Structure formats: structure tokens, C-alpha cells
Amino acid sequence: MPTAFQRIYTKVEEITKATCTVRATDVGYDELATVNGQLAQVVKIMGDQVTLQVFAGTEGVPTDAEVVFLGKAPSLKVGEALAGRFFNAYGDPIDGGPQVEGREQEIGGPSVNPVRRKQPSELITTGIAGIDLNNTLVTGQKIPFFADPDQPFNQVMATVALRTAADRIVLGGIGLTNDDYLYFKSVFENAGALHRIVSFVNTTEDPTVERLLVPDMALTAAEYFAVEKNEKVLVLLTDMTLYADALSIVSNRMDQIPSKDSMPGSLYSDLAKLYEKAVQFEEGGSITIVAVTTLSGGDITHAIPDNTGYITEGQLFLRRDTDIGKVIVDPFRSLSRLKQLVIGKKTREDHPQVMNAAVRLYADAANARTKLENGFELTDYDERTLDFAKEYSDKLLAIDVNIDTDKMLDTAWQLFARHFSKAEVGIKQSLTDQYWPEKQ
Amino acid sequence: MTLTQQQTTGRVSGIISNLVLVDVDGPVGQNEIGFIQLGDTPLMAEVIKVMGDKAYVQVFESTRGLRPGMEVRFEGHMLESTLGPGILSRNYDGLMHDLNTMSGIFLKKGDYTSALDLEKSWAFEPLAQAGDEVTAGSWLGQVDENGIPHKIMVPFKLQGQYTVESVVEAGEHKVQDTIAVLKDERGTEHKVSMLQKFPVKQAVRAYREKPRPFQLLETGVRTIDTLNPMVEGGTGFIPGPFGSGKTVLQQAISKQAEADIVIVAACGERANEVVDLFVEFPELEDPWTGRKLMERTTIIANTSNMPVAAREASVYTAMSIAEYYRSMGLKVLLLADSTSRWAQALREMSNRMEELPGPDAFPMDLPAIISSFYARAGIVHLHNGETGSITFIGTVSPAGGNLKEPVTESTKKVARCFYALSQARADSKRYPAIDPIESYSKYLEYPELQRTLNEQIEEGWTEKVNELKNILLRGKEAAEQINILGDDGVSIDTHLIFWRSEVVDEIILQQNAFDAVDARTPMDRQQYMVNKVLEVVATPLSFESYEEINPYFKRVINAMKQMNYSEFESEAFKQNMQELEDTLAERKTEN
Ligand SMILES: Nc1ncnc2c1ncn2[C@@H]1O[C@H](COP(=O)(O)OP(=O)(O)OP(=O)(O)O)[C@@H](O)[C@H]1O
Ligand SMILES: [Mg+2]
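Residues numbered from 1 in each chain as written. Chains lettered and ligands numbered in written order. Predicted model: local features only at pLDDT ≥ 70, side-chain atom pairs only at ≥ 80, totals over all residues. Heavy atoms only, no water.

## Section: the site of ligand 1
Move 1: Ligand 1 sits among 19 residues. The nearest are A:Arg337, B:Lys246, B:Thr247, B:Val248 and B:Arg270.
Move 2: Ligand 1 sits at a junction of chains, with neighbouring residues supplied by chains A and B.
Move 3: Here an oxygen atom of ligand 1 sits 3.3 Å away from a polar atom, N or O, in the side chain of B:Glu269.
Move 4: Alone, ligand 1 offers 640 Å² of accessible surface; in the complex the protein occludes 94% of this.
Move 5: Mapped onto the shell around ligand 1, the elements with two or more residues apiece are α7 (303-311) of chain A together with α2 (246-256) of chain B.
Move 6: The leading source of residues in the shell around ligand 1 is α2(B), at 3 residues. (Near = heavy atom within 4 Å. Polar contact = N/O pair within 3.5 Å; in protein donor to acceptor, adjacent residues only side chain to side chain. Areas by Shrake-Rupley, 256 points an atom, 1.4 Å probe, with all protein chains shown as cover. Helix = DSSP H or I, 4+ residues; strand = E, 2+ residues; numbered from the N terminus.)

## Section: the domain arrangement of chain B
Residues and elements named next belong to chain B.
Move 1: Segmentation of chain B into domains returns domain 1 (9-78), domain 2 (121-199), domain 3 (222-440) and domain 4 (461-587).
Move 2: Relative placement of domain 2 and domain 3: their C-alpha centres are 32 Å apart.
Move 3: Counting residues at the interface gives 14 residues for domain 2 and 15 residues for domain 3.
Move 4: A per-residue breakdown of the area domain 2 buries against domain 3 is headed by Trp139, Asn146 and Ile148, which together make up 44% of the total.
Move 5: Across the contact surface, domain 2 and domain 3 share 0 salt bridges.
Move 6: There are 5 residue pairs in polar contact (both at pLDDT 80 or more) connecting domain 2 and domain 3.
Move 7: Mapped by element, the contributors of at least two residues to the side of domain 2 that touches domain 3 are β11 (139-145), β12 (148-153) and β17 (196-199).
Move 8: With 5 residues, β12 is the single largest residue contributor to the side of domain 2 that touches domain 3.
Move 9: Among the residues forming the side of domain 2 that touches domain 3, the class breakdown is 7 nonpolar, 5 polar and 2 charged. (Domains from an automatic or database assignment. Contact = heavy atoms within 4.5 Å. Buried area = accessible area lost by both parts, 1.4 Å probe. Salt bridge = Lys/Arg side-chain N within 4 Å of Asp/Glu carboxyl O. Nonpolar A, V, L, I, M, F, W, Y, C, P; charged D, E, K, R; others polar.)

## Comments concerning the domain arrangement of chain A
Move 1: Entries for chain A in the domain assignment read domain 1 (8-69), domain 2 (75-106 + 139-312) and domain 3 (351-435).
Move 2: Between the C-alpha centres of domain 2 of chain A and domain 3 of chain A the distance comes to 36 Å.

## Considerations on unusual backbone geometry
Move 1: With an omega of 10°, the peptide bond running from A:Thr238 to A:Asp239 counts as cis.
Move 2: Tracing the chain through its elements places A:Asp239 in the loop between β16 (232-238) and α5 (240-253).
Move 3: The step from B:Tyr431 to B:Pro432 runs through a cis peptide bond, and the omega angle for that step is -15°.
Move 4: Along the chain, the position of B:Pro432 falls in the loop between α8 (423-427) and β25 (440-441).
Move 5: Residues other than glycine seldom take positive phi values, yet B:Ala361 does so here, at roughly 65°.
Move 6: Its location among the elements puts B:Ala361 in the loop between α5 (339-352) and α6 (366-374).
Move 7: Positive phi outside glycine occurs at B:Lys429, with the angle close to 55°.

## Examining the nonpolar core
Residue and element names in this part refer to chain B.
Move 1: In terms of nonpolar packing, the biggest core is built from 82 residues, with Phe60, Ile87, Leu140, Leu182, Ile263, Tyr325 and Trp342 touching the most fellow members.
Move 2: A per-element tally of this core places helix α4 (residues 308-326) first, with 11 residues.
Move 3: With residues up to four places along the chain from it excluded, the contact list for leucine 182 reads Val134, Leu140, Val154, Leu158, Tyr162, Thr163, Val164, Glu165, Thr188, Glu189, His190 and Val192.
Move 4: Ala257, Met306, Ile457 and Val490 belong to the second-largest nonpolar core, a separate cluster that totals 80 residues. (Core = buried A, V, L, I, M, F, W, Y, C linked by side-chain atoms within 4.5 Å. Buried < 20%, exposed > 50% of the residue type's maximum accessible area, 1.4 Å probe, protein only.)

## Topic: the pairing of strand β13 (residues 162-167) of chain B
Residues and elements named next belong to chain B.
Move 1: Sheet topology places strand β10 (residues 133-134) next to β13; 2 bridges connect them, and they run antiparallel. When the sheet's bridge partners are listed, glutamate 133 is paired in β13 with threonine 163.
Move 2: As judged from the 5 bridges shared by β13 and strand β15 (residues 178-184), these two strands associate in the antiparallel manner. Across the sheet, residue threonine 163 finds its bridge partner in β15, namely lysine 183. (Pairing = 2+ DSSP bridges.)

## Things to note about the sheet that holds strand β16 (residues 189-193) of chain B
Move 1: With antiparallel pairing, the 4 strands of this open sheet are ordered in space as β10-β13-β15-β16 (chain B). Single-partner strands in this sheet number two, and they are β10 and β16 of chain B.

So this is what it looks like as C-alpha cells:
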């Protein structure tokens, strides 16, 4: 409802698919407004010409639409009461519950001073060896799954979320199908974890541009719990490709010169501003971001995955291993950049070398397979790498394996000893002396 | 602008993200700094274009809440670095505000802290005396900054000849105290303190000449020092797709390089990577002096979530500080990660100004901007005969990992060392993933460097380096043949050629940046290992069938890898060496 202090204008001069321009004075940059009752935000001011991005799209907006400026930037009411609730992109409940009472917090707020950050050092375990062994995650990290649209990424995300020891899980659903939304809801409910979870959801049925608000909403909630409650917060953002698509729609409407793949030239900064909200605070609170970036045709050189890769601290790939008929976390292309901070320090000392040796041998197996496909004869070593690779996939990489890290390391040593000599494995002697299993 | 002129002011008339249009009431200069008053908060901004009485400014902050009509004050000068003792060990934002003295966990708009501690006293010792003829950059005195003789110089802004009227005696002084009085040719006196300011986008030219580089800059990274050496005062760049190891490599160089001063510009990259430096540098030792690394280092952090316009400024701020220390006759190493982010910042502004775009929507003058930046590096002979240098290494993050893009291409034209990181090498964990065949150091062709290498390392060194490169090249060809014809379709010799190049690859090229011993290899140890590797490669070996070769060389490589992981000449090192000798003896043929 407009109040006496709000300024109301009714002369819309220009309308595009996502924006409209109105003559108005004393308007602040980034300020919220309503256009014809729909939420909008100031994206450009030229003298008294104010351009607004209308989140729900401009369908049906007339030139005499009522434009009301609200005198504030987009915000979220933060408080304990967010827990267990489901919201839309504006932070309004969609679960039938009451509005949340709390402090009004602007979204997309300032960045943490880098000198006030703490180096991430706390291990996150998931029981999945493709993650814990090969691509160990750390609190305060940001990492996406690069996934094909038909891969079970949302299921894996839900598994990861529920297995980690996060105090709080914030789900940012960006263009989720209604089915996936209901899937998350039921998985969280069935796990009895609802009280730990806050969800902001924009489904495919909702307007596209609204999606732009979801990550900021989710991260503002995460910041509240991490800063004020010192909680370990895990933020799930799925699917960030749809977020970037929404960005390009808006920037194209504003006549910005597109750069690669018709994405805005500012894509890197736009994405970085979100992902860099991942942080470990001195006081113990942290924000960890696990996201999904869907690929089209597996192309990681497309501007969206490419810019994401340059921002995040590694990436995880899922792959169906036809040898064992299961989904694995691909050991070649997946990488956790922050694993160095914990492996061999927070985990057993042999972790780094075992991890590397196994991946190297797995790579040798891939070479052997290529040879085989090209019709060449295999050496004895080639044969052994293939046997190793199959067991490695089945006993370690498959995402349905759920064991602790020591067990993963022991398993790897057993596989080494079964298939190779010490020299072929090439691990530091002091470690081999200690961990190489006796003849089985 | 002189003091008698009135300060130019203006009012905001347009806002598109961080580009703001200002209606001005007087003269403004290109790149002049202004402050926009947002309530009580001054927002720093820089003029990037002027059209009539409209100035286009890029704001170094978020413009949320900014309104048309808000007041702008122009400062009459460009963006400047603040130069004086106390820069080392400090962590700055892109505009040289001290991050540590800012308040709160989150960055606040307008929290512009001082670059230097204005209250700290320094033990000043004079170097000049009354009557000396001096020019910009001449040394007037010095203070001890973390064990480094920090020269107090005639400010770079002073043009022409001056005579020293007086210099204070040795004693404690704060940076703003007058330490000398100079007289110009017209007899006007100028007071000089230990603090001076200089525009960051302007090169300091207080030196006599810039000779060609001739001296190795040791980094401890074998594939650089041995194969494609960097030199004191040289330039190089590291392009590579994401995750290929640019930052790890640059950080290794920043820790290990033989430099007096290291300036790290974290330009539009991850905050956590800067935190690594904050955590490690105060603990780690400078291998050259034994002091803590942080004592020789200054970090300029404009991470990717910090304002975009300040990202562009950050590399200039870093260069300006580097030039200041070079003028003291010091060896400065400047690292920027990533210069692509700086180019992207330029692109964002150019797009907002609706300028005619060049390739990939980058500004047309990008090649010129990159070229004049790299040109500021180099070794210089100062007017007093001393030598100082800035070695500059930047990373480049090419879109899609494709080197045919404007930033990589423009940089390739100006940087003399090219350390191309290969996706394939990174994927197979062959770190550092520098492609040994694509990469080059143009300096290797300099006779003056060849001379110093052969003198300082050993006679015939450069020939050995070429031999290593040949082995790698032939190994690559052999690998291709094996791939096409199959293991049994090629001769045993072809297999041997391949495996000998693998020895070079595994033992010289590959290096584990996270292993305490392997991470840094001093030059004498590199020399030793190169000779060892060449000896292994030259050893005639006999095999009955190609199937024996792979397991045999795995053992050879394993023994030598263990040598790399052991302290040089330790018991373990010698043991592994013995193992290597034994293994070689098994197959060695006499001839
Ligand atoms: N020399 C090395 N030794 C061991 N591991 C390495 C080495 N270099 C790189 N890596 C591995 O590769 C990962 C990525 O390296 P790095 O962060 O330097 O990549 P980058 O090229 O800077 O990527 P981006 O462009 O995304 O910043 C590291 O986290 C580490 O796991
Ligand atoms: Mg990097």
C-alpha cells in the first residue's frame, strides 16, 4: 500500500520485455518500486528518466501504470523464524505459514573484508569417496557440480546436504521444476531435517527475471545464520545456469553489448559477487556454497561454466561408469581446490599421495582403454590397470558408497597391492613402508 | 591545479551501475579523482570521459542509493599512490587503503584508511648534504624498513634541478615531518618529507637508462629456471584455463623468488587465495634472507567481489609501489593475478559508456593499455649508478581456455616469457602444467643472459638446456608414433626415446608445489639433477622386448622422484641415488 511519503508516478514512457522507463525525480539507484503492483528495481537513471527492471515481466503494463517508489533496496526479514520455511524469490512464504518477523536486511550487501576472513580448514565429509578422498571439501568453500541436464544432480546435492554436519542448509532453487521442488521438500521432511533448512524457490512456473533475486535472498539468510549465530551454513544453489540466462535477458533488454555466448560482459563480476559470499569467519560461522551449473552438450567452454570455473574453488563432474553401471564422481575433471588445506593434515598423512597415485593409475587405465579401442594389443601392465580401474570405480568412486576417509584410504592401498608393484604405484617410501598391505 | 583556483564541483545527473554522469561547474581533468557525497559517506570516483560540461566517472564503490542531484567535489589530482616507509607487510585494497585498519567484518563504503602509519617514528639517516645537486628520485636519506634500506627520495613529482638546502640530522622522524629543504632553479624552497604521492597511471622515470636484462631471476621452479628462465627486470605471463595452476605457480614464485621486494596484486580473483597469503606469509621464511616472507611483501587485494573499478586501479597501484622501491636500487618482483580481470573491468566500463567495442567487446585500445603497462617493468640504472629492477609476471585467464582471445594475444606481443599452462598436463596432474614445447623465454636468446648463465651455473649450460628441450620434442614425436602405430608397431628405440623424455618430464618439469622439499629447488640442485637426468638419458640400455621398458623406466623415475623428495645430499637422497645406479647397471650395455 502506498503511504503518504511514497512518490507515485503514472507516466511510463518506454516499455520493453523486462524493463520500463518512467519520468521521476529523487529516486535512488537500486531502489525498489512497484509497477502496476509488480515489484521492480531501478537499474538506470538518466536525469529524470528512470529505468526499472520489472521482475515479473512487463506483460500487460500500460503507459499509465502506477509506479510507486518504495525508498529502499530489496531486502529480507531475517531471524530464527526463517528456519524450516519455504519462500519465493521476494522472501514471501509459499508454505502457507505466516510472514516472518525479524530485522529487515538489504540483500546483496557488502563484501567481507578479506583480512577478516579465516582460512578455511574444517573438513566436510560426505561419505562419497569421489568427494572425500579425491576432492575433499572444506567449510567456506564454493564449488559447483557441472552436470548434464539429465544427470541426477539434485539427488546428489540433497544427499550431500543431509550427510554433512551443517548447522543450517539454505536452498536457493532457481528455475526448479515443480517436481524437483517437491522432491527436495519431501527428502528434507523425511530426513527430519526441516528445522535446519531454509528454502527460497523460484520454479519454472514463476517469471524468469524473478530468479535474479533468489541467490541473494539465500545468501542473505545464510549470512544471518553464519554471522549472528556463528553457524556452519551450507547453501545449495541450483541451477545457476538459469540465473545467468536471466541476467542475459535483462542486459540484452538494456542494450548492453553482449560478450561471448550473448552473456553480459559483467557475467564474471555478477557471479563472483554471489560465490564470494562463501566464507569462513573467525568466530566459527561459515558459508559453504555447493551449486549446480548445467551444461549444454557437455560444453564447459561456454561462458557460463567457464566464468564459473574461474570463480569457484573447483568443480565436480558426475559420470555414468558403464563398466559398473553406476554414477561416479569423475576423478579426472573434478577438482577441489581447497583440499590441500586439509588432506594429510586433518586426514591421514598418506591421503595426498594415495589420492594422486590412484588417479594416475586410473588415467593409465583410460589410456589402455583407448589402445584397446584402436585395436592394439595390451601389455600386462595395461591389463592390470583396467582391472584396477574397475574395482576403484566400484569400491570407491560410485556415489552410493558411504564410508569414512580412513576406510577409503585402506581400500585404495588394498587395490594397489592387488594389482601393482610398489614402484608402479610410486608413493613415497616412508608411506609405502607403513601402509602397503602384507600379502593377502 | 594550483591552490588559487577554486575547487570544481558538480552534481550527479545519471547512474548506470558504477558509471555516474556528473554535471560539472568548472574544469575537470581526465582521470581526476572526485568524491560523490552520499549522505555522510564520500564515494571515491575517477573521471574516465568528459563531454562538454558532463563528466563520466567510474565509482570505486557500490552506487546503491545514489541519487541525481548529489554533490561531487573534484580533487584536482589523479589517483595517487601514497609512498613512504611502512608499505611493506601491509595489505591494501586496490586504491591503497589499509585493509587491516578498517573497522568491522564487512567493507564499508567510504572507509578510506591511510596507506601509512602516520604516527610511527623511523630512524632517519641522511645520505645527502647541503649543496648537493639533486633531481626527482635522488636519495636524501634512508630508514630501516624490515631490514631493507628504504631510501627517502626527492619526490618524483618535482621536475628539474634542485639544490639541497638542508637535510635533518640522523634521528627519529614521522613520515610527514620535513626531513629536507630543496631549492629550485628560481630559488624557491621546497620542503620534503618521507611521504610523497604520485599518480599511479604515470610511470616513474627517475632513472638514467633501461638496459636489456642479463641476469637470471631464480624462482626455484625447475621448469622455469632451467628450461625457460625469467630474468631480473623481465616480463612474463602465465595464460591457462581455470584450474590449470596459475595461482599455485604464481604463489610459488612469490615465496621463492630471489627478490628484495615482492608486490602481489590479487586482481579480481578469489578472496580465499589472498587469505592463504595472509596466513602463510607471516610464518614462512624468505629462503634468501631467513626473515619472514611478509617482511618483504605487500599485498594489494581487490578480490572479485570488491568494486570493479578499483580492480582496474589495483594493478596500477601495485606498479606504482614497485617503481618506488625500484628507485631505491632494489630488486622488485611484481605479480598480478589475473590481468584478464583488469581487462574485463575495462570492458564493463567501456560497454556502459557505449563505446565502439573491439574484439570480444573489449575496448579498442586494450592492446595499447596492456603494452604500456608491461613497458613499466624492467631493470634500470639509476642516476647514482645503482641498479634496480621490476620483474613482472601476470596471469591471463582466457575465456574458454582458448588462447586466441584479445587479452592473451595483446599480452603475447609484449611479454617476453610465455608460460602456457596446458589443460592436458593439468588433467593428468603433471604440475606445474607449463607446456614445455609451446612455452618460451625470449631471454634465452639474449647473448648477455647466455653469458651469465654459462658463467654462474656451468660452462655449456645453455647447450644442456637445449638438449633437454630436444629430448622433450623427440619424446613427443615418439609418443605420437606409438599412438598411431601401437606399441608393437614401433622399434624399441622409439620406446626408449619416449621414456627418456618421460624422465626429463617427471624429474625436471614436474614439481610438487605442496611438498616441503620438492617445492623449491635451488639452482645448484637444479644443475645437479639436470646433469643426472642427462646422464640417465645418455646411458645405453638393452632390452629384449618393448614390454620390459615401461616397468623398468617406472623404477628409474621412481628412484629419481624420491631424490627430488629428499633433502639434497641427505642419507635418503644418497640411498635413492644408489638405487638409481643399481637399476641402471642392470641394463647398461658397454660401448
Ligand atoms: N604445482 C602444483 N602441484 C600440485 N598441485 C597443483 C599444482 N599446481 C596446481 N595444482 C592443483 O591445481 C589446482 C588449481 O590450481 P590454481 O588455483 O593455481 O589454478 P588457476 O589456474 O589459478 O585457476 P583459476 O583461473 O580458476 O584461478 C590447485 O588447487 C591444485 O590442486
Ligand atoms: Mg587462479
